[in-house]
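# Structural characterization, general
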Amino acid sequence: MSKIEKQGKGKALEATQGLKNIMGRHILAIEQAFRDGNPTAWATSGTPVELLYAMDVQPMLPENSATMSAAQKLSKGFIELAEEEGFSYDLCSYFKTNVGAVLSDADMIEGGTRKPTFMLSSDVICDTHVDWFQTQAERMNVPHYTIDVPHIVSNTNQKQYNYYKKYVQEQLWEFLEFVEDITSHEIDMEKSKKVAKNSYVLGKLWQDIFELRKHEPSPLSTRDTFGGLFPLFTMPGLKAPIRLYKRMYREAQERIENGIGALENEKYRLMFEGIPFWHALKYFSTLETYGANIVYETYTYAFSKYMNPKVTKEMVLNKPIEAMSELMLSFWYIYDLDTRIKKFKETVDEWKIDGVVLHNNLSCRPNSCGMYDLKRHLQEDYDIPCLIITADMNDPRKFNEVQITNQIESFIEILERKKAH
Ligand code: SF4
């Protein structure tokens, strides 16, 4: 491996520094809601957080908080605390981080989450979300609403699809009544239009930023996108993150115009599948020192939400509930294997990707399911080098440092050999 030349780490956009302020604002807004006695809600990713904003309910996303715990090396302690309470070693580590953080009465800055007025979950991404909130709702004695979303598979026909869409829409309308009953806040259609518009603009800007990553060298790296994704979860519908994304876009464009890449010398362009290991982000820097830049992450892209061409801006503004039901039924993470292979192949071609790194996440069955089949197809059918790393996004105990370093080095050698031919 010593033969392979190393370089410095990548450089984040200056605009990305603004992320800290934006997330700080989110925490301040939560504190303000508690001070003013306004309603608050926990929400899982994949739920229509926009409806909360439209009804003047302050959202809190425990998954986002869990990543903050991991980044500060606090998640392990919280996870172990949850295990002492009887939660299994194999359960999702976001769930256990949240249980431990609540038990410890952790500060929000450490990934703590305050007791909400109610909780909103959905099985659109995973059934763990529902079990997690059901458990915590019982333990904390707060109401919980969950949205059940059927999964579309390769043989789902139009009749079934229409039925599913109606089923999701009915639940969304019912959810509005649920919020009204608890908070006495009614849906304000004018406000909901503004929120929907801001959410749409935010998602589209994120997609535009991803378009710029097609450029060689890519002006961005994971330093911008892993953190940059959080406003999509926590603040869809607000103006502040739109301004941040616009700044990121402009700066990335300037880099392109001046021939500047996020890496000094971008030799390999990679795709990353799965949730990053938040407790060990330095491994992404290791890749960068070999000139390997991750130019596309399915995870961060998925949360731009507005990918379904049926969901137009007009639909989002005029029929927000219908638009949300369409989006929930077409979320990236619920694609079946055939569609996933096809999407990966298209992405590899469009973003000119040399190899794919897949995170076999021990916490996350929905994301890791089918990963070995996906790898096999990408390698055998399309000759795309793939590396599977087995780890966990929040639990450092499931991260074998030596093994992963060796795997990364071997993968770089494969990429180098392939380039040389
Ligand atoms: S990490 Fe996976 S299992 Fe855990 S909440 Fe997220 S999607 Fe669900």
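Since the structure is predicted, the reported quantities are computational estimates derived from the model, not experimental observations. (Residues numbered from 1 in each chain as written. Predicted model: local features only at pLDDT ≥ 70, side-chain atom pairs only at ≥ 80, totals over all residues.)

## Some thoughts on the nonpolar core
With 107 residues, the main nonpolar core has A41, L52, I209, Y245, L270, M328 and V356 as its most contacted residues. If one sorts the elements of this core by residue count, helix α8 (residues 189-212) sits on top with 9 residues. For this core, the two domains that each supply at least three residues are domain 1 (17-187) and domain 2 (192-420). If sequence neighbours within four positions are ignored, I209 has contacts with L220, Y245, M248, Y249 and A252. (Core = buried A, V, L, I, M, F, W, Y, C linked by C-beta atoms within 7 Å. Buried ≥ 20, exposed ≤ 12 C-beta atoms within 10 Å, placed from the backbone. Helix = DSSP H or I, 4+ residues; strand = E, 2+ residues; numbered from the N terminus. Domains from an automatic or database assignment. Contact = placed C-beta atoms within 7 Å.)

## A closer look at helix α15 (residues 320-329)
Judged by how many residues are buried, α15 sits mostly within the fold: 7 of 10 residues are covered. Every buried residue of α15 is accounted for by P320, A323, M324, S325, L327, M328 and L329.

## Examining the packing of helix α1 (residues 18-36) against helix α11 (residues 240-257)
At a closest axis distance of 10 Å, the pairing of α1 and α11 adopts a crossing angle of 170 degrees. Comparing the axis directions of α1 and α11 gives the class roughly antiparallel. Contacts from G18, L19, I22 and R25 in α1 reach A240, P241, L244 and R247 in α11. The residue inventory of the contact of α1 with α11, partitioned by class, reads 5 nonpolar, 1 polar and 2 charged. (Axes fitted to C-alpha atoms, helices over the stretch in contact; angles between N-to-C directions. Parallel < 35°, antiparallel > 145°, perpendicular 65-115°, else oblique. Nonpolar A, V, L, I, M, F, W, Y, C, P; charged D, E, K, R; others polar.)

## Some details on the site of the ligand
The immediate surroundings of the ligand are formed by C92, Y94, I125, C126, T128, H129, I275, S363, C364, P366 and N367. Where the shell around the ligand is concerned, the elements lending two or more residues are α6 (127-140) and α17 (365-368). Counting contributing residues per domain, the shell around the ligand is built from domain 1 (17-187) and domain 2 (192-420), each supplying no fewer than three. (Near = placed C-beta within 6 Å.)

## Describing the packing of helix α7 (residues 158-183) against α15
Put simply, α7 and α15 touch, their axes get as near as 9 Å, and they point 125 degrees apart. Put simply, α7 runs oblique to α15. You can see that α7 and α15 cross each other, and the crossing is right-handed. Contacts between α7 and α15 pair Y164, K165, V168, Q169, L172 and W173 from the former with I321, E322, M324, S325, E326, M328 and L329 from the latter. Here the contact of α7 with α15 is composed, by residue class, of 8 nonpolar, 2 polar and 3 charged. (Left-handed = near helix turned anticlockwise from the far one by under 90°.)

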